[in-house]
Amino acid sequence: MNSIEKKRCPFMEKCYRKNPIHFGEMSHPHLEELLVDQLDGTIEIPEVLHFACNDRSQLLDQLKVLQMVLRKERDRNKDNQMSVTSSSSSFKTQSLSTATSSKEGYRQKDLKEKVERHKEATVQKRQDKLKQMDAEAQALSRALTCEDRKESSESTKPKKRSQEATETGSSVTKKMRQMSIESSSHTKDSQQSISNTQSSSRNNERDANRGTSIMDMYEACDSEKSRKEVRKRAIQMMRQSGYTVSVVEPGEFAIKYAFSAPYHLFYTRVENSRETYNQQFSITFPEILDRSLGEIVNSLHLNFMVDVGWLCLQYLLAGQRTDMMILYGDRVDREKLSSNITMIEVDMPTKFSCHHTKIMILQYKDDGIRVIVSTANLYSDDWENRTQGLWISPHLPLLPESANPSDGESPTGFKKDLERYLNKYRHPALTQWIWAVRRADFSDVNVFLVASVPGTHKDNEADFWGYKKLAHVLSRHATLPPDAPQWPIVAQSSSIGSLGPNFESWLSKDIIPCMSRETTKGLKSHPRFQFIYPSIQNYKQSFDCRNLSCCLPYSTQVHSKQQWIESYLYQWKAKRTGRDRAMPHIKSYTRISPDLKSIPWFVLTSANLSKAAWGVQRNNHYIMNYEAGVAFIPKLITGTTTFPIEDEEDPAVPVFPIPYDLPLSRYESSDSPFVSDFLSSLGRT
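To start, this report covers the structure provided alongside it. (Residues numbered from 1 in each chain as written. Predicted model: local features only at pLDDT ≥ 70, side-chain atom pairs only at ≥ 80, totals over all residues. Heavy atoms only, no water.)

1. Here we look at the packing of helix H15 (residues 414-423) against helix H16 (residues 431-438)
In plain terms, the rule: Lines fitted to C-alpha atoms define the axes, with helix axes restricted to the stretch in contact, and inter-axis angles between N-to-C directions lie between 0 and 180 degrees. A run of H or I in DSSP becomes a helix once it reaches four residues, and a run of E becomes a strand once it reaches two; helices and strands are each numbered from the N terminus. Convention used here: angles under 35 degrees read as roughly parallel, angles over 145 as roughly antiparallel, angles from 65 to 115 as roughly perpendicular, and any remaining angle as oblique. The contact rule is simple, with two residues in contact once any of their heavy atoms fall within 4.5 Å. Put simply, Ala, Val, Leu, Ile, Met, Phe, Trp, Tyr, Cys and Pro go in the nonpolar bin, Asp, Glu, Lys and Arg in the charged bin, and everything else, Gly too, in the polar bin.
Where H15 meets H16, the axes come as close as 10 Å, and the angle between the chain directions of the two elements is 175 degrees. For the element pair H15 / H16, the angle class is roughly antiparallel. In this structure, H15 uses Lys 415, Leu 418, Glu 419, Leu 422 and Asn 423 to contact H16, whose residues at the interface are Trp 433, Ile 434, Val 437 and Arg 438. Among the residues forming the contact of H15 with H16, the class breakdown is five nonpolar, one polar and three charged.

Okay, here's the thing in structure tokens:
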């Protein structure tokens, strides 16, 4: 099955691993023999096996992972195996034999060279195809108007919002709205002089209202073939309109997802950093929706800022069409809603509260679901040139009708926590999603949900939310060595709340004790606190600065009252992953060993370093925001006490991909933290 010789797994039939990396490196003849004629479709296990098997469920899981790995290898090499008379016999021979002769070695070398030539030819073919697509779109495109440029420029100026800065509108949806399929109108408009742009803009709007938009066309498609055609046309039009579209072809993400095991942690691809394009943990929004994971029939989006037109475009680029429910805090577009979209603005208890959560739940045609917990808003800038993180759950199948509501729970209690969180909205529209969660099998989920909901939380309920929930998880599952006080707490966020007049006001009083918790009891000194937040110099070198946009809403007014925080600040550095210039909208929290080789836990979350997000202890536990994150604990994921964060000798425990460089870089004496007011000063120069 693989043109490259693999070493045989030393555990043979006793191997229990389900890691695609392991199957990619090691040969398992007893499993490969079962898959000889089953690389496509449903796997059937014979009643009688030629080896001992005590757990057929585990065997099926292994076969599914191996099937995916071998199918990928087959597809990668099939164009280079022309000399083989029968693809079936070649497939069997490759999977069951070992290269033992020098002749076989030469054959493999020749095959590798063919693979490389094929890769080069594929790249060239893709480039030629894109040129052809652009040429075909010439008669269908409209030039960007001055009015568009003016509105797009104005949209980058920072506006004060409850938590984050954003644009007032979406240039993406504006372009999509202008895309009519009346080719005669497009040809006429594209030939007009740019000097007459205001008149052209009015004509464009009139034609768009009179014609059929690309999005309307896509919604009307009733076949995969027609959706592909409209998708292709939309990409052509957007490129000709001046909008950069970096296409990831649908149908490939399932194997990438399998290789992300056991963490399933991803970081958004950075459009202006080519280095991030081919990283195993880089992701674009359409990949989340990829059809290789299943056909989506319904989706729930819980988020702060939403551009509906941009969101619909992501489904188009993924080749998916679905009903959609969106609970949001702030809408940044004015698109007319299609009948398949339900928008619900979340009522907040105070004007200082924020619906800051970023969760998606996707429901598939087989009634299974998938949960995504992210740090990104649903609009273009957050997914283009910023650093964002997200966790994607495995496919969560439908439980049998005979199952009890408590069945299908994960070892981490994720199902119960998610259902409790959704219930806190007290909105009838979410009933169908609460039932979808209740009827799903979450047993493969290996992370904890750490969420916040507004309100005063008393007694035992306080342990369900905010920093107290994290403390509850760490005290029961996190294990540190005896030198734990030497493992600093490292926090990283895109904004800073009002923390009080000194370090002891809230950080030392509530947050440090929470993040110091572990299973070992006893008095210990608190660890050091290190906080990664971009300096003004970091921002000046960023892609955000070049666009005069901003995702860092920390203000001078707040900072002037807590300048003590500067003693704990470290710069944003991410050269290792090509994200040094991509401003971090991600929020993460962890502890790092003194030798910078391992971590005992990691939290990815929407929660900035603020009392509103994590909570504060008054008479009771008080929280202002909706937030959501996931906690990765080694015991539940790798069976170890720590995650390695650099290459180790044990391949069974993959490196955990933290988003920033180590060692951390302190602020220089001339550095100061970025404040949103700095953007205004740039506008005056």
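2. Quick look at the nonpolar core
Selection rule: In this description, a nonpolar core means a group of buried Ala, Val, Leu, Ile, Met, Phe, Trp, Tyr and Cys residues linked to one another through side-chain atoms lying within 4.5 Å. Exposure classes here rest on a 1.4 Å probe applied to the protein chains alone. A residue is buried below 20% of its type maximum, exposed above 50%, and partly exposed in between.
Counting 105 residues, the largest nonpolar core has Trp 614 and Phe 632 as its most contacted members. Among the nonpolar cores identified, the runner-up in size contains 43 residues, and Tyr 328, Tyr 364, Trp 383 and Ile 392 belong to it.

3. Quick look at the sheet that holds strand E23 (residues 616-617)
Backbone hydrogen bonds are what pair the strands of a sheet, in a parallel or an antiparallel way. For the record, the criterion: Paired strands, in this sense, are two strands between which DSSP finds at least two bridges.
Taken in spatial order, the three strands of this open sheet run E15-E24-E23, and their pairing is antiparallel. The sheet is open, and its two edges are formed by strand E15 (455-457) and E23, each paired on a single side. The sheet strands contacting helix H17 (residues 466-477) are E23 and strand E24 (621-623), and the helix crosses E24 at an angle near 120 degrees.

4. Observations concerning H15
With eight of its 10 residues buried, H15 lies for the most part within the structure. Every buried residue of H15 is accounted for by Phe 414, Lys 415, Asp 417, Leu 418, Glu 419, Arg 420, Tyr 421 and Leu 422.

5. Some remarks on the pattern of salt bridges
The condition that has to hold: The salt bridge definition used is simple: a Lys or Arg side-chain nitrogen within 4 Å of an Asp or Glu carboxyl oxygen.
Applying the stated criterion to the full structure yields 13 salt bridges. Between Glu 287 and Lys 256 there is a salt bridge whose closest N-O contact spans 3.3 Å. Taken together, the positions of Glu 287 in helix H13 (residues 285-288) and Lys 256 in helix H12 (residues 253-259) put the pair 31 residues apart, joining distant regions of the chain. Arg 386 serves as the salt-bridge partner of Asp 544, at 3.1 Å between the closest nitrogen and oxygen. Placement of the pair is Asp 544 in helix H20 (residues 543-547) and Arg 386 in strand E12 (residues 386-387), with a sequence separation of 158 residues. Exposure remark for Asp 544: the relative accessible area of 4% places this residue in the buried category.

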